[in-house]
Structure formats: structure tokens, C-alpha cells
Amino acid sequence: FNTKKRGFSLMAKIHIILQGKGGVGKSLVASSIAQYKKTKDQVPLCIDTDPINQTFTGYSALNVETLNIMEGDEINSRKFDMLIEKIASSDNDVIIDNGAATFVPLAHYLISNQVAELLESFGHTLIIHTVITGGQAMLDTISGFSQLAKQFPEPSLFVVWLNRYWGDIETGGKSFEEMKAYKDNKSRVSSIINIPHLKEETFGKDIEDMLQERLTFEEAISNEKTNIMTRQRLKIYQKDLFSHMDAAAVLS
């Protein structure tokens, strides 16, 4: 299979956010990756495949494309075939935000069609981003990560995002890095990114408002209607978050 004859580019990174639990911050992760890449003078191809909550699509500044890959409870494989064709030929990195409703069929499609291996043949790398949260969803999100790591073969890589908004991520006094789920799959994890913890009455409210309005950091900070201290806190939070992302070589 000659990729050059087909016009495929080389060395793109395909970032897909997968987590079966809803409401854990997948769209926050997708939008953060897109914004981070823009600060590096990159123009990623952004795609939203969530058929129910198209939060990623709401970021007009990120030029997100919407792709409905479902028909009823099943993936429309032809539409997903078109998606693979699109990302395989992309000159830029690709960011795909996938919803909880399509998690199982999409994961099955990627695995059964050996998409990671296919993309590698084009010189691309499939990077799976998954979110671990504190609170009631912690065990479900940890289990989801463990299942993904076992089901997805190499050469796909994993980036784990730790979201402590709902509480600390620990059980039996053990941090995530000390848990069996991580130790068993450590070799598959390229990076762990700590989403900065928010103080609800200040930073938390500012970030929540920004997310609800589907604004990027740049838009919210430059908005004349945003008060001075809110701008300051958003600058601090963005710098903190992006510094964590700087440590993840796979995002560069």
C-alpha cells in the first residue's frame, strides 16, 4: 500500500478522547488540546462525534466539524470509513471528541478494524486520551481506562487526564500511580496530565462560566466584559494547565 500515491501525509498525531462515563470532562480535554496546539502555531483538525452532547462543536473559535457516526444504536461504518479517510490524509494533527453514547460501538470499530495499525502504516500515531475523576465516578473511570488499555493493541498510546474536580483520586490511601490498574498498564501510558484543581468560589466559577459559554481562554481573557480579576485567574489557570501539557511530549 503506497501512501504517497494516495496523497497521505506523514507523522500526524490522531488524538481521540474515549471514556464510557459521561460528564467527566472529555470536551474540556478536547478543547484544551486544540487550544494548546494553537499556541504552538498548529492548526489541528477538530471533529465532534458525540450524537447527544456536541459540546466540542460549540467552540466556534476552534472550527470543529460535526460527524454523526450513529444510526440508532449502531455505528454507520461507511460514515466512519469516511472519517478515517479524512484523518489519514490530514496534514495536521486531529482531535476527536467522542461521547459516552458512542463509546462502546466506536471502540469496537477501532479495535476490530485495526485502526491503530492502519494509521501507523500512514506514519500517523493514534493517541487515546481518557479521563479519571475523583468522587462517585472514580472506580468507573479507572475501570474504563483499564479496559481500554487491555483492548487497544500497540502501537496506540495513552494519555491519562486526572480530574480532581469531584474529589481526590485515591483509594485505600493509594494515588492513581500506585493503583493496580495503572501499574498493570504503565507501559502503555505515554503521559499523565493533572488538570489543575479549582477553588469553586473563584477559579471554579470562572472556568465553569467560560465552559458554559463555549469560549476559549483567549476569547474569555480578551473579552472586555470579563472583569479584571476573572481575566487574571483565567491566565493563571491556563498557564498552569498548559505547563502540565508541556511535560507531555506526545502533545508537542
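Predicted model only: the values in this text are computed from it and were never measured.

Asker: What is the right way to read the sheet that holds strand E7 (residues 125–133) from this model?
Answerer: Adjacent strands of a sheet form backbone hydrogen bonds with each other and so pair up, either parallel or antiparallel. Strand order in the open sheet formed by seven strands is E3-E2-E6-E1-E7-E8-E11, with parallel pairing between adjacent strands. Where the open sheet ends on each side, the last strands, each with one partner, are strand E3 (65–66) and strand E11 (189–195). Its contacts with the sheet place helix H10 (residues 228–246) against strand E8 (157–163) and E11, and it is angled at close to 165° to E11.

Asker: When you look at the confidence of the model for the chain in this model, what are you seeing that I'm missing?
Answerer: Detailed reading of the predicted model is not advised wherever pLDDT is low. Looking at the chain as a whole, its pLDDT mean stands at 89, while 94% of the residues score no less than 70. Confidence drops under pLDDT 50 across residues 1–9; counting only partners more than four residues distant or on other chains, this segment forms 18 contacts.

Asker: Where do I start with helix H4 (residues 103–112) in this structure?
Answerer: Phe103, Pro105, Leu106, Ala107, Tyr109 and Leu110 are the residues of H4 that are buried. Just beyond H4, the residue with positive phi is Gln114, at close to 50°.

Asker: Looking at this structure, I do not really get the nonpolar core. What am I missing?
Answerer: As a rule of thumb, nonpolar side chains are buried together in soluble globular proteins. Ranked by internal contacts, the top residues of the largest apolar core, which has 43 residues, are Leu18, Phe80, Ile87, Phe152 and Phe176. Once residues within four sequence positions are removed from consideration, Leu18 is found in contact with Lys26, Asn98, Phe103, Leu106, Leu110, Ile128, His129, Thr130, Leu148 and Phe152. Judged by nonpolar contacts, the second largest core, of 34 residues, contains Leu28, Val29, Tyr36 and Cys46.

Asker: I'm lost on unusual backbone geometry in this one. Help?
Answerer: Peptide bonds are mostly trans, and most non-glycine residues show a negative phi. Look at the link from Glu154 to Pro155: it is a cis peptide, with omega at 20°. Positive phi outside glycine occurs at Gln114, with the angle close to 50°. By the secondary structure assignment, Gln114 is in the loop between H4 and helix H5 (115–121). Of note in this structure, Arg214 is not a glycine but carries a positive phi near 55°. Structurally, Arg214 is set in the loop between helix H8 (200–212) and helix H9 (217–222).

Asker: Help me understand the pairing of E8 in this model?
Answerer: Looking along a regular strand, one sees the side chains alternate between the two faces of the sheet. The buried fraction of E8 is high, at six of seven residues. Inspection of the sheet shows E7 paired to E8 by seven bridges, in the parallel sense. The residue of E8 that forms the bridge with Ile127 is Leu157. Traced from E7 through helix H6 (residues 138–151) to E8, the parallel crossover comes out right-handed. Summarising the sheet, E8 and E11 pair through six bridges and their orientation is parallel. Within E11, the position partnered with Val159 by the bridge is Ser191.

Asker: Sorry if this is basic, but what is going on with the pattern of salt bridges here?
Answerer: Pairing is possible between side chains of opposite charge, provided their charged atoms come close. In the structure shown here, the tally under the stated rule is eight salt bridges. For the salt bridge of Asp246 with Lys40, the shortest nitrogen-to-oxygen distance reads 3.3 Å. Taken together, the positions of Asp246 in helix H10 and Lys40 in the loop between helix H2 (26–39) and strand E2 (45–48) put the pair 206 residues apart, joining distant regions of the chain. For Asp246, a relative accessible area of 45% puts it in the partly exposed group.

Asker: What is the right way to look at the side chain of Asp50 in this model?
Answerer: With respect to the helices and strands, Asp50 occurs in the loop between E2 and E3. In this structure Asp50 is buried but unpaired, with Lys26 as the nearest side chain of opposite charge at 6.3 Å. Excluding anything up to four places from it in sequence, Asp50 contacts Asp97 and Gly99.

Asker: Explanation requested: the packing of aromatic side chains in the structure shown.
Answerer: Within a pair of aromatic rings, the relevant descriptors are the distance that separates the centres and the angle that separates the planes. What the rule picks out here adds up to eight aromatic pairs. An angle of 85° between the planes, with centres 6.3 Å apart, marks the rings of Phe145 and Phe158 as edge-to-face. Here Phe158 lies in strand E8 and Phe145 lies in helix H6, a separation of 13 residues in the sequence. The same class applies to Phe145 and to Phe158, which are both buried. Through a chain of ring-to-ring contacts, three or more aromatic side chains come together here, namely Tyr36, Phe217, Tyr237 and Phe242.

Asker: Just to check I follow, could you spell out the side chain of Lys13 for this structure?
Answerer: By secondary structure assignment, the location of Lys13 is in strand E1 (residues 13–17). For the buried Lys13, no salt bridge is present, and the opposite-charge side chain at shortest range is Asp93, 5.6 Å distant. Setting aside chain neighbours within four positions, we find Lys13 in contact with Asp93, Val94, Thr125, Ile127, Ala249, Val250, Leu251 and Ser252.

Asker: I'm lost on the packing of helix H3 (residues 77–88) against H4 in this one. Help?
Answerer: Any two packed helices are characterised by how steeply their axes cross, that is the angle between the axes, and by the distance between the axes. Interhelical geometry of H3 versus H4 gives an angle of 60° and a closest axis separation of 12 Å. As judged from the angle between their axes, H3 and H4 are oblique. In this structure, H3 crosses over H4, and the sense of that crossing is right-handed. On H4, the residues touching Ser77, Phe80, Asp81 and Ile84 of H3 are Leu106, Tyr109 and Leu110. Here the residues of the contact of H3 with H4 sort into five nonpolar, one polar and one charged.

About the thresholds
- Residues numbered from 1 in each chain as written.
- Predicted model: local features only at pLDDT ≥ 70, side-chain atom pairs only at ≥ 80, totals over all residues.
- Heavy atoms only, no water.
- Pairing = 2+ DSSP bridges.
- Helix = DSSP H or I, 4+ residues; strand = E, 2+ residues; numbered from the N terminus.
- Contact = heavy atoms within 4.5 Å.
- Axes fitted to C-alpha atoms, helices over the stretch in contact; angles between N-to-C directions.
- pLDDT = per-residue confidence, 0-100.
- Buried < 20%, exposed > 50% of the residue type's maximum accessible area, 1.4 Å probe, protein only.
- Core = buried A, V, L, I, M, F, W, Y, C linked by side-chain atoms within 4.5 Å.
- Right-handed = clockwise from strand over helix to strand, strands pointing away.
- Salt bridge = Lys/Arg side-chain N within 4 Å of Asp/Glu carboxyl O.
- Lys, Arg positive; Asp, Glu negative; His and termini not counted.
- Phe/Tyr/Trp six-rings, centres within 6.5 Å; stacked < 30°, edge-to-face > 60°.
- Parallel < 35°, antiparallel > 145°, perpendicular 65-115°, else oblique.
- Left-handed = near helix turned anticlockwise from the far one by under 90°.
- Nonpolar A, V, L, I, M, F, W, Y, C, P; charged D, E, K, R; others polar.

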